[in-house]
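Working through the structure, step by step
So you can see what is in the structure, the chains are spelled out below.
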Amino acid sequence: MTDPLTELDEGHRAFANFRVLNGEDNRSEREQLFRNMAQLFSYVSDRCDDEQVAQYDEVLCQLAELVEVEARVHVAGLLASLDRAPGTVVLKLANDDIEVARPLLEFSNVLSDDDLIDIISRQSENHRVAIAGRAALTERVGEAIVEHGETASVVTLVRNPRAEFDRATLEKLVERATHDAEIAADLRGRSDIDWKSLRGEIDHVAGKVLESLGEVERSFDPVAAGKVNTVVYNRIRNRAGFNAQEWKVAYNQVKGLADRKQLDDRALARFARFGYGHHAAAAMAVILGVAPEIVVKWLAGQDYVAVTVALRAGKLSPDLFEAIVATLPWRDLPSETDKQMVLSRFEALDEEDARNIFELWRAHSFRKRAIGEERQTA
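Residues numbered from 1 in each chain as written. Predicted model: local features only at pLDDT ≥ 70, side-chain atom pairs only at ≥ 80, totals over all residues. Heavy atoms only, no water.

Some thoughts on helix α21 (residues 304-313)
An α-helical turn contains 3.6 residues, so a residue and the one three or four places further along point in the same direction. Buried residues dominate α21, accounting for nine of its 10 residues. By the burial criterion, the buried members of α21 are Tyr304, Ala306, Val307, Thr308, Val309, Ala310, Leu311, Arg312 and Ala313. Taken from the residues just after α21, lysine 315 is the one with a positive phi, measuring 65°. (Buried < 20%, exposed > 50% of the residue type's maximum accessible area, 1.4 Å probe, protein only. Helix = DSSP H or I, 4+ residues; strand = E, 2+ residues; numbered from the N terminus.)

What follows is the structure, given as C-alpha coordinates:
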(Lines give C-alpha, C1' and ligand atoms only; values in the text may rest on other atoms or scores of the structure.)
Protein backbone atom coordinates (compact mmCIF):
# COMPACT_ATOMS: atom_id res chain seq x y z
CA MET A 1 0.00 0.00 0.00
CA THR A 2 1.35 3.44 -0.91
CA ASP A 3 2.31 5.66 2.02
CA PRO A 4 0.05 8.76 1.99
CA LEU A 5 3.03 10.88 3.04
CA THR A 6 5.00 9.77 -0.02
CA GLU A 7 2.09 10.77 -2.21
CA LEU A 8 1.92 14.00 -0.26
CA ASP A 9 5.55 14.90 -0.95
CA GLU A 10 5.12 14.16 -4.64
CA GLY A 11 1.97 16.27 -4.69
CA HIS A 12 3.75 19.22 -3.10
CA ARG A 13 6.29 19.34 -5.93
CA ALA A 14 3.45 19.49 -8.42
CA PHE A 15 1.45 22.23 -6.67
CA ALA A 16 2.89 25.07 -8.70
CA ASN A 17 1.96 23.33 -11.95
CA PHE A 18 -1.71 22.62 -11.23
CA ARG A 19 -3.75 23.90 -14.13
CA VAL A 20 -6.45 25.11 -11.74
CA LEU A 21 -4.07 27.61 -10.19
CA ASN A 22 -3.38 29.08 -13.62
CA GLY A 23 -7.04 29.26 -14.61
CA GLU A 24 -6.65 26.59 -17.31
CA ASP A 25 -9.34 24.20 -16.09
CA ASN A 26 -13.08 24.02 -15.82
CA ARG A 27 -15.17 24.55 -12.69
CA SER A 28 -15.71 20.87 -11.94
CA GLU A 29 -11.96 20.19 -11.96
CA ARG A 30 -11.33 23.06 -9.58
CA GLU A 31 -13.98 21.89 -7.16
CA GLN A 32 -12.86 18.27 -7.30
CA LEU A 33 -9.27 19.21 -6.60
CA PHE A 34 -10.34 21.48 -3.71
CA ARG A 35 -12.33 18.65 -2.12
CA ASN A 36 -9.61 16.07 -2.71
CA MET A 37 -6.87 18.27 -1.27
CA ALA A 38 -8.87 18.89 1.90
CA GLN A 39 -9.76 15.20 2.17
CA LEU A 40 -6.13 14.16 1.84
CA PHE A 41 -5.07 16.69 4.44
CA SER A 42 -7.69 15.36 6.86
CA TYR A 43 -6.07 11.90 6.51
CA VAL A 44 -2.48 13.05 7.11
CA SER A 45 -2.86 16.21 9.24
CA ASP A 46 -1.35 14.61 12.32
CA ARG A 47 1.80 13.68 10.37
CA CYS A 48 2.41 16.91 8.47
CA ASP A 49 5.28 19.18 9.43
CA ASP A 50 4.92 22.96 9.40
CA GLU A 51 6.21 23.31 5.83
CA GLN A 52 3.70 20.77 4.51
CA VAL A 53 0.84 22.47 6.37
CA ALA A 54 1.93 25.80 4.87
CA GLN A 55 1.84 24.31 1.37
CA TYR A 56 -1.65 22.95 1.90
CA ASP A 57 -2.69 26.30 3.33
CA GLU A 58 -1.47 28.23 0.30
CA VAL A 59 -3.10 25.97 -2.27
CA LEU A 60 -6.41 25.62 -0.42
CA CYS A 61 -6.62 29.41 -0.06
CA GLN A 62 -6.09 29.87 -3.78
CA LEU A 63 -8.65 27.22 -4.64
CA ALA A 64 -11.19 28.68 -2.22
CA GLU A 65 -11.24 31.79 -4.42
CA LEU A 66 -12.08 29.72 -7.50
CA VAL A 67 -14.86 27.37 -6.36
CA GLU A 68 -18.56 27.66 -5.66
CA VAL A 69 -20.15 27.74 -2.23
CA GLU A 70 -21.05 24.02 -2.18
CA ALA A 71 -17.38 23.03 -2.38
CA ARG A 72 -16.43 25.54 0.32
CA VAL A 73 -19.16 24.13 2.58
CA HIS A 74 -17.76 20.63 2.08
CA VAL A 75 -14.18 21.64 2.85
CA ALA A 76 -15.15 23.72 5.89
CA GLY A 77 -16.92 20.67 7.29
CA LEU A 78 -13.78 18.56 6.82
CA LEU A 79 -11.50 21.11 8.48
CA ALA A 80 -13.80 21.94 11.40
CA SER A 81 -13.08 18.77 13.36
CA LEU A 82 -9.29 18.75 12.91
CA ASP A 83 -7.04 19.67 15.82
CA ARG A 84 -4.36 20.82 13.38
CA ALA A 85 -5.66 22.58 10.29
CA PRO A 86 -4.10 25.24 8.02
CA GLY A 87 -4.67 28.51 9.86
CA THR A 88 -5.14 30.87 6.93
CA VAL A 89 -7.75 28.87 5.03
CA VAL A 90 -9.64 28.12 8.25
CA LEU A 91 -9.89 31.83 9.04
CA LYS A 92 -10.82 32.61 5.44
CA LEU A 93 -13.69 30.11 5.44
CA ALA A 94 -14.80 31.17 8.92
CA ASN A 95 -15.37 34.66 7.48
CA ASP A 96 -17.27 33.24 4.49
CA ASP A 97 -21.04 32.99 4.01
CA ILE A 98 -22.67 31.50 7.10
CA GLU A 99 -23.40 28.13 5.49
CA VAL A 100 -19.65 27.79 4.87
CA ALA A 101 -18.52 29.32 8.15
CA ARG A 102 -20.95 27.63 10.56
CA PRO A 103 -19.11 24.33 11.27
CA LEU A 104 -15.83 26.17 11.82
CA LEU A 105 -17.42 28.77 14.09
CA GLU A 106 -19.16 26.07 16.10
CA PHE A 107 -16.39 23.47 16.38
CA SER A 108 -12.93 24.52 15.16
CA ASN A 109 -10.26 24.71 17.85
CA VAL A 110 -7.90 26.40 15.42
CA LEU A 111 -9.78 29.71 15.72
CA SER A 112 -8.40 31.77 18.59
CA ASP A 113 -10.37 34.15 20.81
CA ASP A 114 -9.00 37.07 18.80
CA ASP A 115 -10.19 35.45 15.57
CA LEU A 116 -13.67 34.91 17.00
CA ILE A 117 -13.89 38.44 18.40
CA ASP A 118 -12.93 39.90 15.02
CA ILE A 119 -15.62 37.80 13.29
CA ILE A 120 -18.19 38.84 15.90
CA SER A 121 -17.48 42.51 15.23
CA ARG A 122 -17.44 42.32 11.43
CA GLN A 123 -19.74 39.49 10.30
CA SER A 124 -23.47 38.78 10.49
CA GLU A 125 -25.74 37.96 13.41
CA ASN A 126 -25.86 34.38 12.16
CA HIS A 127 -22.09 34.19 12.58
CA ARG A 128 -22.48 35.46 16.15
CA VAL A 129 -25.18 32.88 16.90
CA ALA A 130 -22.89 30.08 15.72
CA ILE A 131 -20.05 31.34 17.93
CA ALA A 132 -22.33 31.83 20.94
CA GLY A 133 -23.16 28.12 20.96
CA ARG A 134 -19.55 26.85 21.04
CA ALA A 135 -18.80 24.12 23.56
CA ALA A 136 -16.29 26.38 25.31
CA LEU A 137 -16.64 30.15 25.31
CA THR A 138 -14.30 32.46 27.21
CA GLU A 139 -15.30 35.71 28.88
CA ARG A 140 -13.67 37.88 26.21
CA VAL A 141 -15.66 36.23 23.42
CA GLY A 142 -18.87 36.42 25.44
CA GLU A 143 -18.28 40.10 26.10
CA ALA A 144 -17.89 40.73 22.35
CA ILE A 145 -21.20 38.96 21.62
CA VAL A 146 -22.99 41.08 24.22
CA GLU A 147 -21.35 44.20 22.77
CA HIS A 148 -22.19 43.54 19.10
CA GLY A 149 -24.93 40.92 19.12
CA GLU A 150 -28.66 41.13 18.67
CA THR A 151 -31.19 39.19 20.75
CA ALA A 152 -30.65 35.85 18.96
CA SER A 153 -26.92 35.63 19.64
CA VAL A 154 -27.18 37.02 23.18
CA VAL A 155 -29.93 34.53 24.08
CA THR A 156 -27.83 31.69 22.63
CA LEU A 157 -24.91 32.90 24.72
CA VAL A 158 -26.90 33.08 27.96
CA ARG A 159 -28.35 29.61 27.35
CA ASN A 160 -24.86 28.16 26.78
CA PRO A 161 -23.94 26.46 30.09
CA ARG A 162 -20.23 26.50 29.16
CA ALA A 163 -20.10 30.24 28.51
CA GLU A 164 -18.07 32.27 31.01
CA PHE A 165 -19.07 35.78 32.13
CA ASP A 166 -17.03 38.41 33.90
CA ARG A 167 -18.65 41.13 35.97
CA ALA A 168 -18.65 43.78 33.24
CA THR A 169 -20.44 41.42 30.85
CA LEU A 170 -23.00 40.49 33.49
CA GLU A 171 -23.75 44.15 34.05
CA LYS A 172 -24.34 44.65 30.32
CA LEU A 173 -26.55 41.56 30.20
CA VAL A 174 -28.65 42.75 33.10
CA GLU A 175 -29.04 46.17 31.48
CA ARG A 176 -30.24 44.52 28.26
CA ALA A 177 -32.65 42.41 30.29
CA THR A 178 -34.44 45.61 31.35
CA HIS A 179 -35.97 45.82 27.85
CA ASP A 180 -35.71 42.22 26.64
CA ALA A 181 -37.91 39.69 28.42
CA GLU A 182 -36.30 36.70 26.70
CA ILE A 183 -32.82 37.62 27.92
CA ALA A 184 -34.23 38.29 31.40
CA ALA A 185 -35.90 34.87 31.54
CA ASP A 186 -32.73 33.07 30.47
CA LEU A 187 -30.56 35.03 32.90
CA ARG A 188 -32.88 33.99 35.68
CA GLY A 189 -32.22 30.37 34.77
CA ARG A 190 -28.42 30.63 35.18
CA SER A 191 -27.79 28.80 38.45
CA ASP A 192 -24.05 29.52 38.31
CA ILE A 193 -24.46 33.29 38.82
CA ASP A 194 -24.39 34.61 42.37
CA TRP A 195 -26.99 37.36 42.13
CA LYS A 196 -26.66 38.09 45.83
CA SER A 197 -23.03 39.14 45.63
CA LEU A 198 -23.61 40.93 42.34
CA ARG A 199 -26.50 43.06 43.60
CA GLY A 200 -24.30 45.13 45.88
CA GLU A 201 -21.83 46.06 43.15
CA ILE A 202 -23.96 46.71 40.06
CA ASP A 203 -25.35 50.08 39.06
CA HIS A 204 -28.76 51.35 40.22
CA VAL A 205 -30.68 50.85 36.97
CA ALA A 206 -29.57 47.27 36.50
CA GLY A 207 -29.97 46.67 40.22
CA LYS A 208 -33.73 46.98 39.88
CA VAL A 209 -33.74 44.11 37.40
CA LEU A 210 -31.75 42.00 39.83
CA GLU A 211 -34.57 42.25 42.32
CA SER A 212 -36.60 39.98 40.03
CA LEU A 213 -33.73 37.95 38.60
CA GLY A 214 -32.29 37.10 41.99
CA GLU A 215 -35.41 35.92 43.75
CA VAL A 216 -34.06 32.36 44.01
CA GLU A 217 -31.60 31.94 46.88
CA ARG A 218 -28.19 30.81 45.71
CA SER A 219 -25.10 29.79 47.66
CA PHE A 220 -22.34 32.38 47.77
CA ASP A 221 -19.56 31.69 45.28
CA PRO A 222 -16.36 33.53 46.26
CA VAL A 223 -14.73 32.82 42.89
CA ALA A 224 -17.67 34.26 40.94
CA ALA A 225 -17.83 37.22 43.33
CA GLY A 226 -14.14 37.89 42.76
CA LYS A 227 -14.28 38.05 38.97
CA VAL A 228 -13.37 41.70 38.71
CA ASN A 229 -12.20 41.29 35.15
CA THR A 230 -10.93 38.73 32.67
CA VAL A 231 -7.28 39.17 33.55
CA VAL A 232 -7.76 38.59 37.27
CA TYR A 233 -9.98 35.57 36.76
CA ASN A 234 -7.65 33.90 34.27
CA ARG A 235 -4.68 34.45 36.57
CA ILE A 236 -6.60 32.88 39.43
CA ARG A 237 -7.46 29.95 37.18
CA ASN A 238 -3.77 29.56 36.32
CA ARG A 239 -3.15 28.59 39.95
CA ALA A 240 -4.54 25.19 39.00
CA GLY A 241 -1.35 24.74 36.94
CA PHE A 242 -1.01 22.89 33.67
CA ASN A 243 -4.10 21.44 32.01
CA ALA A 244 -3.60 18.91 29.20
CA GLN A 245 -6.80 19.76 27.33
CA GLU A 246 -6.18 23.52 27.48
CA TRP A 247 -2.64 22.89 26.27
CA LYS A 248 -3.83 20.89 23.26
CA VAL A 249 -6.28 23.60 22.21
CA ALA A 250 -3.80 26.41 22.85
CA TYR A 251 -1.00 24.71 20.92
CA ASN A 252 -3.16 24.22 17.82
CA GLN A 253 -4.44 27.79 17.96
CA VAL A 254 -0.89 29.09 18.25
CA LYS A 255 0.14 26.96 15.25
CA GLY A 256 -2.75 28.54 13.35
CA LEU A 257 -1.43 31.99 14.23
CA ALA A 258 2.01 30.95 13.01
CA ASP A 259 0.49 29.74 9.73
CA ARG A 260 -0.83 33.27 9.20
CA LYS A 261 2.50 34.87 10.19
CA GLN A 262 0.80 36.52 13.20
CA LEU A 263 2.79 34.91 16.01
CA ASP A 264 4.87 37.84 17.19
CA ASP A 265 5.51 40.04 20.23
CA ARG A 266 2.05 41.57 19.92
CA ALA A 267 0.46 38.12 20.16
CA LEU A 268 2.63 37.29 23.18
CA ALA A 269 1.62 40.56 24.82
CA ARG A 270 -2.06 39.71 24.33
CA PHE A 271 -1.56 36.27 25.88
CA ALA A 272 0.08 37.88 28.91
CA ARG A 273 -2.48 40.68 29.16
CA PHE A 274 -5.43 38.30 29.22
CA GLY A 275 -3.77 35.59 31.29
CA TYR A 276 -3.64 32.97 28.50
CA GLY A 277 -0.90 30.92 30.11
CA HIS A 278 -1.15 27.81 27.95
CA HIS A 279 -1.08 29.95 24.80
CA ALA A 280 2.04 31.75 26.06
CA ALA A 281 3.76 28.41 26.70
CA ALA A 282 2.72 27.06 23.29
CA ALA A 283 3.97 30.22 21.60
CA MET A 284 7.33 29.76 23.31
CA ALA A 285 7.57 26.23 21.90
CA VAL A 286 6.61 27.27 18.35
CA ILE A 287 8.74 30.42 18.16
CA LEU A 288 11.85 28.69 19.53
CA GLY A 289 11.32 25.46 17.59
CA VAL A 290 11.25 23.41 20.79
CA ALA A 291 9.26 20.19 21.03
CA PRO A 292 6.07 20.86 23.03
CA GLU A 293 6.86 18.09 25.51
CA ILE A 294 10.09 19.92 26.41
CA VAL A 295 8.21 23.08 27.35
CA VAL A 296 5.73 21.00 29.37
CA LYS A 297 8.70 19.45 31.19
CA TRP A 298 10.10 22.91 31.99
CA LEU A 299 6.77 24.00 33.46
CA ALA A 300 6.29 20.82 35.47
CA GLY A 301 9.82 21.08 36.87
CA GLN A 302 9.62 24.83 37.64
CA ASP A 303 12.74 25.14 35.44
CA TYR A 304 13.17 28.91 35.57
CA VAL A 305 16.71 28.70 34.19
CA ALA A 306 15.67 26.93 30.97
CA VAL A 307 12.78 29.33 30.38
CA THR A 308 15.00 32.35 31.08
CA VAL A 309 17.70 31.25 28.64
CA ALA A 310 15.16 30.26 25.98
CA LEU A 311 13.22 33.52 26.12
CA ARG A 312 16.39 35.61 26.24
CA ALA A 313 17.52 33.76 23.11
CA GLY A 314 14.09 34.60 21.65
CA LYS A 315 14.88 38.34 21.94
CA LEU A 316 12.02 39.25 24.29
CA SER A 317 12.11 42.60 26.03
CA PRO A 318 12.40 42.53 29.85
CA ASP A 319 8.82 43.82 30.26
CA LEU A 320 7.36 41.17 27.97
CA PHE A 321 9.51 38.46 29.58
CA GLU A 322 8.28 39.46 33.04
CA ALA A 323 4.65 39.34 31.88
CA ILE A 324 5.06 35.95 30.17
CA VAL A 325 6.78 34.32 33.16
CA ALA A 326 3.95 35.48 35.43
CA THR A 327 1.36 34.08 33.01
CA LEU A 328 2.82 30.63 32.22
CA PRO A 329 0.94 27.64 33.70
CA TRP A 330 3.68 26.52 36.08
CA ARG A 331 3.11 23.53 38.34
CA ASP A 332 3.20 25.98 41.26
CA LEU A 333 2.48 29.68 40.94
CA PRO A 334 5.79 31.61 41.16
CA SER A 335 6.15 33.77 44.26
CA GLU A 336 7.02 37.46 43.98
CA THR A 337 10.56 36.55 45.07
CA ASP A 338 10.78 33.94 42.30
CA LYS A 339 9.61 36.43 39.69
CA GLN A 340 12.08 39.11 40.81
CA MET A 341 14.92 36.58 40.81
CA VAL A 342 14.06 35.34 37.32
CA LEU A 343 13.80 38.89 35.94
CA SER A 344 17.19 39.79 37.43
CA ARG A 345 18.79 36.77 35.79
CA PHE A 346 17.13 37.63 32.48
CA GLU A 347 18.43 41.21 32.51
CA ALA A 348 21.93 40.08 33.51
CA LEU A 349 22.13 37.47 30.73
CA ASP A 350 23.67 38.67 27.47
CA GLU A 351 21.45 37.95 24.46
CA GLU A 352 24.26 36.45 22.39
CA ASP A 353 25.38 34.27 25.30
CA ALA A 354 21.81 33.07 25.71
CA ARG A 355 21.60 32.16 22.01
CA ASN A 356 24.87 30.22 22.20
CA ILE A 357 23.75 28.33 25.32
CA PHE A 358 20.38 27.59 23.76
CA GLU A 359 21.87 26.33 20.49
CA LEU A 360 24.36 24.13 22.35
CA TRP A 361 21.50 22.67 24.34
CA ARG A 362 19.45 22.13 21.18
CA ALA A 363 22.35 20.37 19.41
CA HIS A 364 22.98 18.17 22.45
CA SER A 365 19.28 17.35 22.68
CA PHE A 366 19.12 16.36 19.01
CA ARG A 367 22.22 14.15 19.38
CA LYS A 368 20.68 12.37 22.35
CA ARG A 369 17.46 11.82 20.41
CA ALA A 370 19.33 10.45 17.38
CA ILE A 371 21.36 8.05 19.55
CA GLY A 372 18.17 6.87 21.24
CA GLU A 373 16.50 6.22 17.88
CA GLU A 374 19.57 4.30 16.64
CA ARG A 375 19.50 2.08 19.71
CA GLN A 376 15.79 1.37 19.23
CA THR A 377 16.31 0.31 15.60
CA ALA A 378 19.48 -1.69 16.30
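Still to come is the rest of the account.
With respect to helix α7 (residues 113-122)
When we look at burial in α7, the residues that qualify are Asp113, Asp115, Leu116, Ile119 and Ile120. The buried residues of α7 occupy an angular sector of 160° when the element is viewed end-on, so they sit on one face. Taken together, the buried residues of α7 touch α5 (87-94), α6 (98-107), α8 (125-132) and α9 (139-148). (Arc of directions from axis to C-beta. Contact = heavy atoms within 4.5 Å.)

So, the side chain of serine 153
Secondary-structure assignment places serine 153 in helix α10 (residues 151-159). Taking the relative accessible area as the measure of exposure, serine 153 reaches 0% and is therefore buried.

A look at the nonpolar core
Judged by nonpolar contacts, the single largest core of 59 residues is most densely connected at Leu79, Leu93, Leu104, Leu105 and Ile131. The leading source of residues in this core is helix α3 (residues 50-64), at seven residues. Ignoring anything within four residues of it in the chain, the contact list for leucine 105 reads Ala94, Ile98, Leu111, Ile119, His127, Ala130, Ile131 and Arg134. Membership of the second largest hydrophobic core comes to 45 residues, among which are Ala281, Ala285, Trp298 and Ala310. (Core = buried A, V, L, I, M, F, W, Y, C linked by side-chain atoms within 4.5 Å.)

Focus: the environment of tryptophan 330
Mapped onto the fold, tryptophan 330 is located in the loop between α22 (318-327) and α23 (336-348). Ignoring any residue separated from it by four or fewer positions in sequence, one finds tryptophan 330 in contact with Gly241, Phe242, Trp298, Leu299, Gln302, Asp303, Tyr304, Val307 and Val325. Here the side chain of tryptophan 330 touches valine 325 through a polar contact of 2.9 Å, landing on its backbone oxygen. (Polar contact = N/O pair within 3.5 Å; in protein donor to acceptor, adjacent residues only side chain to side chain.)

Digging into the packing of aromatic side chains
Tallied over the entire structure, the rule returns eight aromatic pairs. Pairwise contacts between aromatic rings join Phe242, Trp247 and Tyr251 into one cluster. Cation over ring: arginine 140 sits above phenylalanine 274, and NZ or CZ is 3.7 Å from the ring centre. Positioned over the ring face of phenylalanine 346 is arginine 312, at 4.8 Å from the centre of the ring. (Phe/Tyr/Trp six-rings, centres within 6.5 Å; stacked < 30°, edge-to-face > 60°. Lys NZ or Arg CZ within 6 Å of the ring centre and 35° of its normal.)

Some details on the side chain of aspartate 186
When you line up the elements, aspartate 186 lands in helix α12 (residues 181-188). Residue classification places aspartate 186 among the buried residues on the basis of a relative accessible area of 16%. When near neighbours in sequence (up to four residues on either side) are disregarded, aspartate 186 contacts Val155, Val158 and Arg159.

Some words on the environment of aspartate 50
Assignment of secondary structure puts aspartate 50 in helix α3. Residues aspartate 50 and alanine 258, spaced 208 residues apart in sequence, show a C-alpha to C-alpha distance of 9.2 Å. Beyond its immediate stretch of four places on either side in the chain, aspartate 50 contacts Arg84 and Lys255.

Here we look at the confidence of the model for the protein
Scored by pLDDT, the protein comes out at a mean of 82, with 77% of its residues at no less than 70. Counting contacts from residues 201-205, a segment whose pLDDT is below 50, to residues more than four positions away or on other chains yields seven contacts. (pLDDT = per-residue confidence, 0-100.)

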